[in-house]
2 protein chains.
Amino acid sequence: MAQNKKQEFDKDEIEIADFAKALSHPARIAILKEISKRDTCICGEIVEVLPLAQSTVSQHLKELLKANVITGTVDGTKSCYCINWKVFEKFEKTFAKFFHKAKSFEEKRNCC
Amino acid sequence: MAQNKKQEFDKDEIEIADFAKALSHPARIAILKEISKRDTCICGEIVEVLPLAQSTVSQHLKELLKANVITGTVDGTKSCYCINWKVFEKFEKTFAKFFHKAKSFEEKRNCC
DNA sequence: ATTCTATATCGCAAATATACGATAAAGAAA
DNA sequence: TTTCTTTATCGTATATTTGCGATATAGAAT
């Protein structure tokens, strides 16, 4: 990269990009899907359903935590993760603000 | 990575991840914002408003094209890009299917 | 107290992404 | 035709991400 230009962009642009980045790997989508499916906290079962090593899954969970997409608590030998729906809600709004504006998708026209 | 495990995930997981990946850099969000702001095709003006070299912007545009997030035509010396709203609409639905399910955000509860 | 189980972290290798300058390509302007 | 303008692509350097095995940590089970 030579230089990381990330900080030269607007705060809200960085915010959206960071959220998107957290969702930019199929393993992390699969993790969210798994948590969402149970609609409750789950712990180690994630590793079982993913084609990845335990350490790799742990790393992906860490990414999701860092981006605030999930919350988590560790009680000794068991850890527990939940989806942070507030962030999804917030992102949905920001997203709408940027891209929908007043118009609906149907009204949008392309010229190419 | 040693091995890319991407293909071992579900098709729809990969699809969401790929879309998110396209939006995972502030420069690409800024590009979309710029196109959206004008609500019409724009061409070279993107380079002017971004803190990046022309070749880098062109590369980011290529990424967005690859992910089908924008459409583009090249007429000789001028190129023209539009946001592909259909893909945003589709993503919004898939996203909702996975993460909202029947419940609204407000009804969702966390346990951690 | 020792062993088992679940999870996080470290260290490393390989793959990808980011960024730029130089250059190519191709129509527009002179 | 020659030069200018706009955009894409190539080559390359550096940064970041992905992935794993090994190991650390800490409570649970024996």
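Details of the structure are given in the entry above.
Along each chain, residue indices are assigned from 1 in the same order as the chain's sequence is written. Chains carry letters and ligands carry numbers; both start at the beginning, A for chains and 1 for ligands, and go up in the order they are written. Totals for whole chains, interfaces and linings use all residues, but because this is a predicted model, local features are given only for residues with pLDDT of at least 70 and pairs of side-chain atoms are given and counted only at 80 or more. Working from all heavy atoms in the structure, the side-chain values ignore hydrogens and water.

(A) Here's a closer look at the packing of helix H2 (residues 26–38) of chain A against helix H1 (residues 11–22) of chain B. Relative to each other, H2 of chain A and H1 of chain B sit at 115°, their axes nearing to 8 Å. Read as a crossing pair, H2 of chain A and H1 of chain B show a hand that is right-handed. Every residue of H1 of chain B that contacts H2 of chain A at Pro26, Ile29, Ala30 and Lys33 of chain A is listed here: Asp12, Glu13, Ile14, Ile16 and Ala17 of chain B. Gly falls in the polar group here, along with every residue not listed as nonpolar (Ala, Val, Leu, Ile, Met, Phe, Trp, Tyr, Cys, Pro) or charged (Asp, Glu, Lys, Arg). Class assignment of the residues belonging to the contact of H2 of chain A with H1 of chain B gives a composition of 6 nonpolar, no polar and 3 charged. Axes here mean lines fitted to C-alpha atoms, for a helix over just the part in contact, with angles spanning 0 to 180 degrees between N-to-C directions. Here a helix means four or more residues in a row that DSSP labels H or I, a strand means two or more in a row labelled E, and each is numbered from the N terminus. The sense of a crossing depends on the near helix, which, turned anticlockwise from the far helix by less than a right angle, makes the crossing left-handed and, turned clockwise, makes it right-handed. Note on definitions: a residue-residue contact is assigned when non-hydrogen atoms from the two residues lie within 4.5 Å.

(B) Representation of the side chain of glutamate 34 of chain A within the structure. Residues and elements named next belong to chain A. Residue position: glutamate 34 is located in helix H2. Only protein chains enter the accessibility calculation, which uses a 1.4 Å probe; a residue whose area is less than 20% of its type maximum is buried, one above 50% is exposed, and one in between is partly exposed. Residue classification places glutamate 34 among the buried positions, given a relative accessible area of 7%. Leave out the neighbours within four places in its chain, and glutamate 34 touches Ile42 and Val49.

(C) Here's a closer look at the interface of chain A and chain B. Facing the 52 residues of chain A at the interface are 52 residues of chain B. A quick way to say it: buried area is the sum, across both parts, of accessible area lost when two parts are put together, with a 1.4 Å probe. Here chain A packs against chain B, burying approximately 4,700 Å² in sum over the two surfaces, 69% of which is carbon and sulfur. Basic side-chain nitrogens of Lys or Arg form a salt bridge, by our definition, when they fall within 4 Å of a carboxyl oxygen of Asp or Glu. Our count for the chain A to chain B interface comes out at 6 salt bridges. Aspartate 10 of chain B is the partner of lysine 33 of chain A in a salt bridge, and the nearest nitrogen-oxygen pair spans 3.4 Å. What qualifies as a polar contact is a pair of N or O atoms within 3.5 Å, subject to a donor-acceptor requirement within protein and to the restriction that residues adjacent in sequence count only when both atoms come from side chains. Taken together, the connections running from chain A to chain B amount to 6 residue pairs in polar contact (both at pLDDT 80 or more). In terms of residue count, the dominant contributor to the side of chain A that touches chain B is H2 of chain A (8 residues). For the side of chain A that touches chain B, a count of residues per class yields 27 nonpolar, 9 polar and 16 charged.

(D) Representation of the packing of H2 of chain A against helix H4 (residues 54–66) of chain A. Residue and element names in this part refer to chain A. Two elements in contact, H2 and H4, have axes whose closest approach is 10 Å; the angle formed by their N-to-C orientations is 80°. The orientation of H2 relative to H4 falls into the category roughly perpendicular. Two secondary-structure elements touch here, H2 through Ala27, Arg28, Ile31 and Leu32 and H4 through Val57, His60, Leu61, Glu63 and Leu64. Residues that form the contact of H2 with H4 fall into these classes: 6 nonpolar, 1 polar and 2 charged. Here is the rule for angles: anything less than 35 degrees is roughly parallel, anything more than 145 is roughly antiparallel, 65 through 115 is roughly perpendicular, and the remaining ranges are oblique.

(E) Just the pairing of strand E1 (residues 70–75) of chain A, in detail. Residues and elements named next belong to chain A. Sheet topology places E1 next to strand E2 (residues 78–83); 6 bridges connect them, and they run antiparallel. Across the sheet, residue valine 74 finds its bridge partner in E2, namely serine 79. For two strands to be treated as a pair, DSSP must find at least two bridges joining them. Counted along the chain from E1 to the antiparallel partner E2, the turn is 2 residues long, and its residue glycine 76 has a positive phi close to 65°.

(F) Representation of the relation of the copies chain A and chain B within the structure. Our superposition of the copies is a least-squares fit, built on the C-alpha atoms of residues whose pLDDT is at least 70 in both. The transformation that overlays chain A on chain B combines an axial shift of 0.0 Å with a rotation of 180°, and the residual RMSD is 0.1 Å. The two molecules are tied by a two-fold rotation axis, judged by turn and shift. The position closest to the rotation axis in chain A is occupied by the C-alpha of alanine 20 of chain A, lying 2.4 Å away.

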